[in-house]
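One-letter residues, chain by chain:
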Amino acid sequence: MPVLTLSLVKDPSVPVEVEAVIPDKIAGLSLNEVSKMPVWVGNRRLKLGDLFQVEGEPASRPEELKVVFKGYTNRLWRVGEKMSSGEVEVLGGVGPYAGRKMKGGKLIVRGPAGLCLGAKMSDGVIEVFGSADDRVGGAYRGELPPKGMKGGTIIIHGDAGAEVGLGMKGGTIIVDGSCDIMPGLEMKGGTILVKGSCAGKAGARMTGGRVIIVGRLPTILPSFYVDEVRPSIKVAGEKVEGPLLVFVGDAVASEKCGGRLMVNLKNNPHLKKYEDLIAGKVEAEL
Amino acid sequence: MRREPLIIKGGYVIDPLNKVDCEVMDIGISDGKIVDPSTIEGKAKVIDAKGKLVMPGGIDLHTHVAGPKFNAGRIMTPQDHRRSLIKATLMSRSGVGLTVPSTTFIGYRYAQMGWTTIVEPATPAFKTRHTHEELDDIPIVDKACLPLFGSSRIVMELVSKGDLEALKAYVAWALKSVKGYGIKIVNPGASEPTWWTRCIGLDLDDQLPELGITPRDIVRALCKVSIDLKLPHPIHVHCNKLGFPGNYVSTLKTMDCVSDLYKGGKPIIHITHVQFTGYAGTSWANLASGGEEIAKYLNAHEHVTVDLGQVVFGSILTMTADLPFEFVLFHIMMGKLHGTMTESEVTAGVVPYAYRKNNYVNTVQWCIGLDVALLAKDPWKIVFSTDNPNAGRFTKYPTALSWLVSKKAREEVMAEVNRRGLKHAALPSIDREYTLYDVAIVTSAGPAKLLGLENRKGHLGVGADADVAIYDLNPKEVDVSRDYKAFVKAFRRAYCTIKSGVVVVKEGKVVEPDVYGATYYVDATKMVDKAVYDGTVKRLKETFNQYYSVSFSNYIIDDKELRNPVKVEAG
């Protein structure tokens, strides 16, 4: 696979918007042409070559090309925005809006990711080896659901911030670490798997889709009803061992209660009362 | 600011208040006023308006542009702001917003369309200081605001006691204190019993709890007050049961409940956004247009005027001082709701909404406004508005006006909307088209007369304020009913807008952004007996902390707090 490396050797101290640097736009260009591409640095419009050291071999077709960012990558905003094929790898962290509106291809981040990772993406794969900030795979602030992620996969090997999958409609988000409050806020479809713990309010205002919390969840929102206990489930071909308590909701958002919130019972002994409720051992408090 | 004398030469002038219809005339402007052009001949700068349309600047009688609920709307719609960044230039300030734009953008866009006066029609008297702060920041246009009285606890108690003299004194005091221009009544009486109306709406003859009065009593009492105080603008009523199917009956009852108070002369009641209160039918499933009945009533009676609240398809934000209805709408939309209760005065709510062409209800709503406008024979009884931003954004005015002037424009929309909805309205069978003269009536001369500002606004006679809009449209060559696109293009960006004798817009671009218009308010205290007035204010001062969390002296807004206040004496 031909690799094109862009190294940011000097700290620009302001955000650098690299939405133009995706395989779809670079494929077929020579190195010289690539270094003449425009890029916004703060409020100035510069050429890519002024800022980055551009090395490697360009490819003629986007799906064959791999773009690698190096150096002070924390300053990069909108990495891999609207990319539809090929691969982008960042050797370090990225700023906000990485993989926004992504339509395909692969984005790998070997460090932490900023706000709105994979916002509104429709297909493709994002893998983050650090932690991610708020609103992974989410919609923008204020938009009515479902304007979030439509498809594709986001895998975060670290922790995630608040509101994972805000208003999402499809696709899969897997968080290996823990997450902050309100995963699956206003979601309408898709799956969120949090292997660590969650700070609370999981699935608030959800009307569809699944939120699975393997670790500890302090409380269940009062607008969720307990449904059943399942021994295990499958998420993206991967088996999640249970037993899992399944809740339906959110009754506040829709009386149909289309959303499913699943919580591992082993790691949440304080939710035992719900299991007793299903078994008929205790009466519901009204 | 350059206030050099100007002469607008050779334009086709339309000036309904002076009965000028498309005549080639010169108009002279000196020191912010219209003057006889022969007096300034030679020393004045000439604006060549040959083959262009010259009209008095537009007056928007009902547009929500400032105040606490408008700000709540701004907070609620960050997604709108993201889509609509307006960059600062050397000439003008930056801004954001589609449905709830920045204050600067409101002024610029109104001026760019040739509108020069706007009225914020619903501001809680208690929070009017905020409204004035925002109005002061809107550049170019002249402003006024109407405080809400319809659900105020003080008003309801005075009506319940039957103490009309004290009510007169209170209204005069409140208007002067908060610098308001007239009486706005929103869903009279409904603020407090919001939760026991059980989402069916309070009707005109429903009893209010504890007080022993009905909304009818409130409307009648405030109408009497407005007549006795000789306020320049009649009571501005948002009817009961707004937004519920079958509410056109309530609207007709509201119009009729003050008909016996009419003694000739100016209209005594203004029904606002009549589209929202003109629904026939019994449920959302069989909603129909009640526009025909309302137009019939308008044709038969002289005491009432209406503004349209014409629907323009697209996404909007509904904001009204009618929380019960917003609560119902929120449960239809299941999106966002902002609701607030302002001390003892009023409740208000904000809910985002979208009018869609394929929707049955939205199609009927679109038809109602046009039904009323086209079936009412006298355009002086109609004021054009979209109740910005409730039924459509004010930037869509040219499109909405094109439906009035051109049947072809209507038919093109009718081809796209819901078929079943069209069957429940009179619109498809209406052939009437407004002339440009009628357009000038519904957009400037009519509202000026209704605001009682016909001496200074809405016409181009000698002595009027020099608020002039010049549109690049030759009325003798272009037939707007066939070529409505030319009409929309011309009205979307005025060729030239003159505000108080200053050229503020040239060829659609704002060239003089740092002009600030006046804020009009009414002083009616002289119309009340001195002893009654002093007694009422004294009693109010003593009991003020029962109603409000602020002190009496903090409630009153001083003249100095406004950028450019202009007092209008009642009577």
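Everything numeric here is computed off the predicted structure, so don't read it as measured data.

**Some details on unusual backbone geometry**
All names here are of chain A.
(1) Moving on: For the bond running from Pro-145 to Pro-146, omega is -5°, close enough to zero to count as cis.
(2) Moving on: Turning to its location among the elements, Pro-146 is positioned in the loop between β10 (125-128) and β11 (153-156).
(3) Moving on: Gly-242 connects to Pro-243 through a cis peptide bond whose omega is 5°.
(4) Moving on: Structurally, Pro-243 is set in strand β16 (residues 238-249).
(5) Moving on: Of note, Ala-236 is a non-glycine position whose phi angle comes to about 50°, a positive value.

**Focus on the interface of chain A and chain B**
(1) Moving on: Across the contact, 6 residues belong to chain A and 7 residues belong to chain B.
(2) Moving on: By residue class, the composition of the side of chain A that touches chain B is 3 nonpolar, 1 polar and 2 charged.

**A short note on the packing of helix α5 (residues 153-161) of chain B against helix α7 (residues 215-228) of chain B**
Residues and elements named next belong to chain B.
(1) Moving on: Relative orientation of the contacting elements α5 and α7 amounts to 95°, with a least axis distance of 10 Å. Judged on the interaxial angle alone, α7 and α5 are roughly perpendicular. On α7, the residues that touch Val-155, Met-156 and Val-159 of α5 are Asp-217, Ile-218 and Ala-221.

**Comments concerning the environment of Ser-151 of chain B**
Residue and element names in this part refer to chain B.
(1) Moving on: Among the structural elements, Ser-151 can be located in the loop between β10 (142-148) and α5.
(2) Moving on: Distance in space between the C-alpha atoms of Ser-151 and Lys-87 is 41 Å, their sequence separation being 64 residues.
(3) Moving on: Other than its neighbours up to four places away in sequence, Ser-151 contacts Val-186, Pro-188, Gly-189, Ala-190, Ser-191, Glu-345 and Val-346.

**With respect to the sheet that holds strand β2 (residues 16-17) of chain A**
Residue and element names in this part refer to chain A.
(1) Moving on: Overall, mixed pairing links the 4 strands, which are arranged β4-β3-β2-β7 in an open sheet. The open sheet terminates on both sides in strands that have one partner only, identified here as β4 (44-47) and β7 (76-77).
(2) Moving on: Looking at chain direction, β2 and β7 are connected through 2 bridges and run parallel. Pairing of Glu-17 across the sheet is with Trp-77, part of β7.

**Side note on the confidence of the model for chain B**
(1) Moving on: Residue-level pLDDT values for chain B average 92, and 98% of them are 70 or greater.
(2) Moving on: This complex was scored by the predictor with a pTM of 0.88 and an ipTM of 0.74.

**A closer look at helix α9 (residues 291-300) of chain B**
All names here are of chain B.
(1) Moving on: When we look at burial in α9, the residues that qualify are Gly-291, Glu-292, Ile-294, Ala-295 and Leu-298. Down the axis of α9, the sector holding all buried residues measures 160°, keeping them to one side.
(2) Moving on: Contact partners of the buried residues in α9: α8 (248-256), β15 (288-289), β16 (304-307) and α11 (360-375).

**Describing the environment of His-338 of chain B**
Residue and element names in this part refer to chain B.
(1) Moving on: Residue placement: His-338 occurs in strand β18 (residues 338-342).
(2) Moving on: For His-338, a count of 20 C-beta atoms within 10 Å translates into the label buried.
(3) Moving on: In this structure the C-alpha to C-alpha distance between His-338 and Leu-323, which are 15 residues apart in sequence, comes to 9.1 Å.
(4) Moving on: Those residues in contact with His-338, other than ones at most four positions away along the chain, are Ala-72, Met-76, Gly-349 and Val-350.

**As for the sheet that holds strand β19 (residues 346-355) of chain B**
All names here are of chain B.
(1) Moving on: Strands sit in the order β17-β19-β18 across an open sheet of 3 strands; the sheet is antiparallel. The sheet terminates laterally at β17 (314-320) and β18, the two strands that pair on one side only. Here the average twist between neighbouring strands, direction ignored, is 15°.
(2) Moving on: Summarising the sheet, β17 and β19 pair through 7 bridges and their orientation is antiparallel. Bridging across to β19, Leu-317 finds its partner in Pro-352.
(3) Moving on: Most of the contacts of helix α1 (residues 68-76) go to β19, to which it runs at about 45°, and overall it touches β17, β18 and β19.

**Description of the environment of Gly-421 of chain B**
All names here are of chain B.
(1) Moving on: By secondary structure assignment, the location of Gly-421 is in helix α14 (residues 419-423).
(2) Moving on: Placed 132 residues apart in sequence, Gly-421 and Ser-289 show a C-alpha to C-alpha distance of 9.2 Å.
(3) Moving on: The residues touching Gly-421, leaving out its near neighbours within four places in the chain, are Tyr-360, Thr-363 and Val-364.

Conventions used here
- Residues numbered from 1 in each chain as written.
- Chains lettered and ligands numbered in written order.
- Predicted model: local features only at pLDDT ≥ 70, side-chain atom pairs only at ≥ 80, totals over all residues.
- Helix = DSSP H or I, 4+ residues; strand = E, 2+ residues; numbered from the N terminus.
- Contact = placed C-beta atoms within 7 Å.
- Nonpolar A, V, L, I, M, F, W, Y, C, P; charged D, E, K, R; others polar.
- Axes fitted to C-alpha atoms, helices over the stretch in contact; angles between N-to-C directions.
- Parallel < 35°, antiparallel > 145°, perpendicular 65-115°, else oblique.
- Pairing = 2+ DSSP bridges.
- pLDDT = per-residue confidence, 0-100.
- Buried ≥ 20, exposed ≤ 12 C-beta atoms within 10 Å, placed from the backbone.
- Arc of directions from axis to C-beta.

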